[in-house]
Amino acid sequence: MNSAELEVHLTDEDLTAALREDVRNGLTAAPKWLPPKWFYDARGSELFEAITELPEYYPTRTERALLERVAGEIAQVAQAEVLVELGAGSAAKTRLLLEALTSGGPLKTYVPQDVSVAALSAAADQVAAEFPRLGVHGVVSDFTATLDNLPRGGRRMIAFLGGTIGNLVPAERAAFLAGIHEVLEPGEQLLLGAGLVIDPAILVPAYDDAAGVTAEFNRNVLHVLNKRLDADFDPEKFEHVAIWDAEQEWIEMRLEATESMRVTIAELDLTVEFAAGEQLRTEISAKFRRDGFEKELAAAGFATERVWADPDERFALFLAERR
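Residues numbered from 1 in each chain as written. Predicted model: local features only at pLDDT ≥ 70, side-chain atom pairs only at ≥ 80, totals over all residues. Heavy atoms only, no water.

Participant: I'd love a proper account of the pattern of salt bridges, names of residues and values included.
Facilitator: Scanning all chains against the criterion turns up 20 salt bridges. In this structure, arginine 306 and glutamate 73 form a salt bridge, with 2.8 Å as the shortest nitrogen-oxygen distance. Of this pair, arginine 306 sits in strand β13 (residues 302-309) while glutamate 73 is found in helix α3 (residues 59-78), placing the two residues 233 residues apart along the sequence. Given the relative accessible area of 30%, glutamate 73 is considered partly exposed. Residue glutamate 81 is joined to lysine 108 by a salt bridge in which the shortest nitrogen-to-oxygen separation is 3.8 Å. Note that glutamate 81 is positioned in the loop between α3 and β3 (82-85) and lysine 108 in the loop between α4 (94-102) and β4 (109-114), a separation of 27 residues in sequence. Judged by relative accessible area, glutamate 81 falls into the partly exposed class, the value being 26%. (Salt bridge = Lys/Arg side-chain N within 4 Å of Asp/Glu carboxyl O. Helix = DSSP H or I, 4+ residues; strand = E, 2+ residues; numbered from the N terminus. Buried < 20%, exposed > 50% of the residue type's maximum accessible area, 1.4 Å probe, protein only.)

Rendered as structure tokens:
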């Protein structure tokens, strides 16, 4: 039976140190902020999976339908021997790519990367069982900091799906794309899934659903801080806010304090004051225009080879070659 290898470059201690640093920096800033990666404990991951099934949340099903339609074309153009997937999670959508890349193609190895040992181990073992001729080499790391830990050798394509690139502000995106450029060899490729700018009347409800699942997901970051850093947030005293910033062309998710309060984060020996109505930014989700995103790729040293979009132009897949 084919079995997956797992390479660990990120421990629980590393994650806790990063959480402590992010919380101290974010909650002492003005305005306050937290990075979206801290939504995702086990409960946060369950809530996000529920979000992807909501009628308002179009990105996941739109990207999946697009991959179903164009995976064969991607495989034909890429001719990848190694598929590296950043933020692989359960690797659900990746199977469409793996099937296309292994169907008479040269793919030999799949390298899923994620921060969670448990999630990555389960996904890697499942892929190894489903694709017995494929080498599976999981890498536990933080994609924003440890790209240099990704294996080299073979013609690689790095996939970064789900529109997660939109969670990075422009300076972070530029640094991330530059980091990808640095680890790839000339001629190797990057496949990026990105949400496109659409009517805010469709866009905003995707991040503020009628059932309140996204609101619960947003508040989950406070539960994470309570559990991991011995904080005493009352999550129910924060309201979920999602707004479209037309100038920046991104959705901002925020938590708004419904009353003035003082919160203690015991592990950091930190006390934080919130005024009534004060907002804490928890996520941005940037949306893109094709030409603008191609310029960002070009600035990082990539030449866009192909762009595929769904019929409603809500989501696009960009295949770019490292120059």
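Participant: How would you summarise α3 if you had to cite specific residues and measurements?
Facilitator: Taking 1.5 Å of rise per residue, 20 residues should cover 28 Å, yet α3 covers just 24 Å from first to last C-alpha, more than 12% shy of that figure. Of all the bends in α3, the greatest measures close to 60 degrees and is centred on valine 70. What α3 keeps buried is the set Pro59, Thr62, Glu63, Leu66, Leu67, Val70, Ala71, Ile74, Ala75 and Ala78. Those residues of α3 that are buried lie in contact with α4, β6 (156-160), β7 (189-195), β13 and β14 (315-322). One or two positions beyond α3, positive phi appears at glutamine 79, with a value near 50 degrees. (Expected span 1.5 Å × (residues − 1). Bend = angle between axes of the 7 residues up to and from the residue. Contact = heavy atoms within 4.5 Å.)

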